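Secondary and tertiary structure notes
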Amino acid sequence: MQIRDLPYADPGEPDVRSGPRFLLWLGRNQLAGQFKAAGWGLLHQLGVAGLPLVVGLAVQAVVDRSGGRLALAGGLLALLGVVIAVGDAMLHRTAVTNWITAAARVQQLLARRTAELGAALTKRVAAGEVVAVSTGDVEKIGWFVEALSRFAAAAVALVVICVGLVLYLPPLGTLVAVAVPLLALAVLPLLPRATGRADVQREKAGKATELASDTVAGLRVLRGIGGEELFLDRYRRASQEVRRAAVHSARMWSLISAIQVLLPGILLISLVWYGAGLVRDGRIEVGQLVTVFSAATLLLFPLRHFEEIAMAYSFSRPSAVRAVRVLGLRRGGVPEGVRDAGTVGAEGDLYDPVTGLMAGSGLFTAVVCGDPDEAGRLAERLGGHAAAEPDAEGRDAAKGDGDGKGDGAPDGEAASPLPSVLLGGVALDDLPLEAARAAVLVQDKDPVLLSGTLDELLDVPRSGRVTAEQALTAAQCGDVLDALARSSAGNDGDPLRARITERGRSLSGGQRQRLALARSLVTDPEVLVLDEPTSAVDSHTEARVAAGVKHLRTGRTTVAFASSPLLLDLADRVALVHGGTVVAAGTHRELLRTEPRYRAVVTRETEAETDAGRATARATGSGTGTAEHPARIAAPAAVRTIEEVEERA
């Protein structure tokens with residue numbers, strides 16, 4: 001794989017059982033590049049290793065006053081110079097290619113997993129963690145893959161040089177051969193502590209990054225409440241913690257570097273002292289001493305690769321563990337035996353067997369939940385392939401406790417997975433993810449607007465039945481278009497060519513919400529699920545948006561999670577979900593008259609008013625009896641007439 005061939009057509013399916021296994025998987029997928037880099041690296045290292053021998057021949061030729069041998073040594077030096085230059089250039093080329101292609105493969109895998117998980121990703125992993133994995137961690141993983149081939153070449157070169165020195169001059173060669181392994185392994189005991197300090201630094205940096213991104217995202221709100229200084233002070237403290245952790249980590253790495261300088265220096269001094277004694281005694285020649293000393297000096301270069309590979313692995317292993325943590329995330333659904341998306345008709349009623357919610361085909365169904373979190377989980381479930389969400393104690397909600405038992409399950413019995421939502425009798429979890437997403441589109445409570453022009457924002461997969469103008473009109477985006485037209489003076493006032501900043505921060509919350517709604521409407525899926533689509537707009541705009549959505553979605557299934565009477569009154573059917581189950585269903589006005597719990601959510605009744613309403617309902621249903629009198633006394637205090645309830649709603 002060359003850099004010009006990127007991206008990969010298929011980056012493959014990684015081994016996510018552990019960080020080291022993931023690194024091994026990366027290495028196996030780049031064997032050709034690794035062998036190529038190792039070959040060029042070995043050529044370069046052996047060329048460098050030949051220099052001391054040629055220099056020793058030249059020195060001895062000068063001592064012996066042999067012009068022929070001196071000329072031969074000069075020719076060999078020139079040849080070795082060419083070999084070293086070619087080997088070094090090609091080694092750098094292939095090693096950098098390995099680095100970039102490995103990093104690109106990991107980034108493609110992360111992008112694919114991010115697209116698959118969608119909004120569920122940040123529910124499982126912190127946003128700062130995702131940013132750190134996709135930037136710094138990818139570089140560290142690529143560094144290890146790149147350094148691996150150079151380390152292999154250096155290790156082979158060291159063995160060849162040590163064996164050659166032992167054969168060339170046994171007294172000094174043996175000293176070098178014994179000292180080299182000690183030099184290579186001297187820093188290993190310090191690496192775990194250095195890695196631990198680096199992990200602490202990286203963890204603190206990730207928290208600081210997450211705090212910074214959250215602060216920037218909520219800057220408008222912070223300015224509104226005067227909280228800029230509070231968050232600035234919080235980030236300043238986090239930044240100082242990162243600085244202290246970085247200094248603490250650097251001290252250990254500086255100690256490792258100092259040892260890498262001290263021990264080779266001791267070896268060279270010992271070698272010169274011992275070799276000079278041998279020359280004085282006439283046991284070896286001056287040229288031989290120069291050859292061994294030069295070889296020992298050049299050995300420090302491949303020895304550096306031992307330090308580098310140890311550092312690269314120490315940094316890349318935690319990075320690989322964090323990458324595996326993201327790549328190992330899966331949504332629900334079964335990978336085996338999935339249905340063919342082209343053979344499944346995505347039409348019919350939408351039914352959730354867990355809650356009993358039924359959204360009739362072609363109808364506008366509203367869902368009322370007293371708990372907003374419960375509404376968000378149910379909305380995600382309706383889209384199929386819902387990701388398991390950990391509970392407050394970090395346990396997987398779909399799997400129950402960490403010991404494999406679900407809440408309320410008998411001891412020793414694992415909790416069974418929740419049944420899938422059905423669309424026209426077909427389980428969405430049994431469909432491929434792409435087919436399920438094409439059939440059911442879920443817009444969550446906080447939709448994200450990507451940076452770019454409005455035209456690019458609305459350039460999404462669509463059925464073709466709804467135009468961008470129709471979607472923008474239904475979502476009541478007229479004022480948004482006017483604002484964008486004024487800000488796009490360089491584009492002839494065309495709002496569709498106006499640029500939207502990241503996450504739409506230049507727009508108000510209501511404007512962002514309506515643009516996101518228009519994007520969902522232009523997609524025109526068979527089933528559209530909206531979680532609080534009008535929570536950030538005023539009541540007048542909300543009424544027009546609700547009417548526009550109902551008109552545009554006529555004949556298509558729409559499910560809206562809301563508690564606003566303006567939207568609920570337009571729904572064909574309203575369902576009340578309480579305690580994870582549909583407890584009542586009907587029209588908005590019917591539920592106002594008959595269901596106190598529904599009335600409490602929609603009209604914001606107090607607990608006392610709700611209890612009084614329940615007493616009224618029980619008394620009315622019982623006809624006559626002793627319970628009728630206190631209920632009739634309490635009823636006027638809560639809600640005097642049904643007409644008053646409807647007026648309040």
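Being a predicted model, the structure only gives us computed values, none of them experimental.

Considering the overall build of the chain
Across its full length, the chain holds 23 helices and 12 strands. Per-residue burial for the chain yields a buried fraction of 43% across its 649 residues. Once local pairs closer than 6 in sequence are excluded, the contacts in the chain between residues at least 24 apart make up 76%. Carbon and sulfur atoms make up 59% of the accessible area of the chain, which amounts to about 32,300 Å² in all.

Some details on the nonpolar core
With 38 residues, the main nonpolar core has Phe-22, Leu-26, Val-106, Leu-110, Ile-141, Trp-253 and Ile-256 as its most contacted residues. Among the elements of the structure, α1 (19–28), α3 (67–117), α5 (127–168), α7 (191–217), α9 (228–280) and α10 (286–327) are those that each provide at least two residues to this core. In this structure Ile-141 touches Phe-22, Leu-23, Leu-26, Val-106, Ser-316, Ser-319, Ala-320 and Ala-323, once residues within four positions along its chain are discounted. Core analysis: the second largest hydrophobic core is formed by 27 residues, Ala-474, Ala-498, Ala-516 and Leu-528 among them.

Here we look at α3
Two residues of an α-helix separated by three or four positions point the same way, owing to the 3.6 residues in each turn. With 51 residues, α3 extends 74 Å from end C-alpha to end C-alpha; this agrees with the ideal 75 Å at 1.5 Å per step. Two residues or fewer after α3 comes Gly-118, characterised by a positive phi angle close to 65 degrees.

Structural notes on the sheet that holds strand β2 (residues 357–359)
Here 4 strands make up an open sheet; going across it, the order is β2-β1-β4-β5 and the pairing antiparallel. Both outer strands of the open sheet, β2 and β5 (426–427), are each paired with one neighbouring strand and no more. Where strand β4 (residues 422–423) and β5 come together, 2 bridges link them in antiparallel fashion. Of the residues in β5, the one forming a bridge with Leu-422 is Ala-427.

What to know about the environment of Glu-308
Along the chain, Glu-308 turns up in helix α10. Through-space distance from the C-alpha of Glu-308 to that of Trp-143 is 9.8 Å; in sequence the pair is 165 residues apart. Discounting chain neighbours no more than four positions away, the residues touching Glu-308 are Trp-143, Ala-147 and Arg-150.

Examining the packing of helix α2 (residues 31–63) against α10
In the contact formed by α2 and α10, the axes pass within 7 Å of each other and the chain directions differ by 160 degrees. Our classification of the angle between α2 and α10 gives roughly antiparallel. Here α2 runs over α10; the crossing is right-handed. From α2, His-44, Gln-45, Val-48, Leu-51, Pro-52, Leu-53, Val-55, Gly-56, Val-59 and Gln-60 reach across to α10, where they touch Val-286, Gly-287, Val-290, Thr-291, Ser-294, Ala-295, Leu-298, Phe-301, Pro-302 and His-305.

With respect to the pattern of salt bridges
All chains considered together, the criterion is met by 21 salt bridges. With its nearest N and O atoms 3.1 Å apart, the salt bridge here joins Glu-526 to Arg-556. Of this pair, Glu-526 sits in the loop between α16 (509–523) and β9 (527–531) while Arg-556 sits in the loop between α17 (539–552) and β10 (557–561), and the two are 30 residues apart along the sequence. Considered together, Glu-526 and Arg-556 belong to a single accessibility category, that of buried residues. Residue Arg-589 is joined to Asp-569 by a salt bridge in which the shortest nitrogen-to-oxygen separation is 3.4 Å. Remark: Asp-569 occurs in the loop between α18 (565–568) and β11 (573–578) and Arg-589 occurs in helix α19 (residues 588–594); sequence separation between them is 20 residues.

Concerning the packing of aromatic side chains
For the structure shown, the criterion picks out 5 aromatic pairs. Ring geometry for Phe-144 against Tyr-313: centres 5.7 Å apart, planes inclined by 55 degrees, an arrangement best described as tilted. Placement of the pair is Phe-144 in helix α5 and Tyr-313 in helix α10, with a sequence separation of 169 residues. According to the relative accessible area criterion, Phe-144 is buried, its value standing at 11%. With a centroid separation of 5.0 Å and an interplanar angle of 80 degrees, the aromatic rings of Phe-151 and Phe-306 are classed as edge-to-face.

Side note on the sheet that holds strand β3 (residues 364–369)
Strands sit in the order β6-β9-β10-β3-β11-β12 across an open sheet of 6 strands; the sheet is mixed. The sheet is open, and its two edges are formed by β6 (440–443) and β12 (581–586), each paired on a single side. Strand-to-strand, the axes of this sheet are offset by a mean angle of 20 degrees, without reference to chain direction. The sheet contact formed by β11 and β12 spans 5 bridges and is antiparallel. Within β12, the residue paired with His-578 across the bridge is Thr-581.

Things to note about the side chain of His-305
Its location among the elements puts His-305 in helix α10. Residue His-305 is classed as buried on the basis of its relative accessible area, which comes to 9%. Once you skip the residues sitting within four places of it in the chain, His-305 turns out to touch Gln-45, Arg-150, Phe-151 and Ala-154.

Concerning unusual backbone geometry
In this model, Leu-6 is joined to Pro-7 through a cis peptide bond whose omega is 0 degrees. By the secondary structure assignment, Pro-7 is in the segment before α1. With a phi angle near 55 degrees, Arg-65 is a residue other than glycine that sits in the positive phi range. If you trace the backbone, Arg-65 turns up in the loop between α2 and α3.

With respect to the pairing of β3
Burial runs high along β3: 6 of the 6 residues are buried. Side chains of β3 alternate between two faces, with Phe-364, Ala-366 and Val-368 and Thr-365, Val-367 and Cys-369 buried alike. For β3 and β10, the ladder comprises 4 bridges, and the chain directions are parallel. Considered in β10, the bridge of Thr-365 is made with Val-559. As judged from the 5 bridges shared by β3 and β11, these two strands associate in the parallel manner. Within β11, the position partnered with Ala-366 by the bridge is Val-574.

Some words on a nonpolar patch on the surface
A cluster of nonpolar side chains, Leu-53, Leu-57, Leu-72, Leu-76, Leu-79 and Tyr-168, forms an exposed patch at the surface whose accessible area comes to about 530 Å². Every element with two or more residues in the nonpolar patch is listed here: α2 and α3. When residues of the nonpolar patch are assigned to their parent elements, the largest contribution, 3 residues, is made by α3. For Leu-79, the position within the fold is in helix α3. Residue classification places Leu-79 among the exposed positions, given a relative accessible area of 52%.

Rules used in this analysis
Residues numbered from 1 in each chain as written. Predicted model: local features only at pLDDT ≥ 70, side-chain atom pairs only at ≥ 80, totals over all residues. Heavy atoms only, no water. Helix = DSSP H or I, 4+ residues; strand = E, 2+ residues; numbered from the N terminus. Buried < 20%, exposed > 50% of the residue type's maximum accessible area, 1.4 Å probe, protein only. Contact = heavy atoms within 4.5 Å. Areas by Shrake-Rupley, 256 points an atom, 1.4 Å probe, with all protein chains shown as cover. Core = buried A, V, L, I, M, F, W, Y, C linked by side-chain atoms within 4.5 Å. Expected span 1.5 Å × (residues − 1). Pairing = 2+ DSSP bridges. Axes fitted to C-alpha atoms, helices over the stretch in contact; angles between N-to-C directions. Parallel < 35°, antiparallel > 145°, perpendicular 65-115°, else oblique. Left-handed = near helix turned anticlockwise from the far one by under 90°. Salt bridge = Lys/Arg side-chain N within 4 Å of Asp/Glu carboxyl O. Phe/Tyr/Trp six-rings, centres within 6.5 Å; stacked < 30°, edge-to-face > 60°. Patch = residues over 30% accessible without salt bridge, like charges linked within 9 Å, V, L, I, M, F, W, Y side chains within 5 Å.

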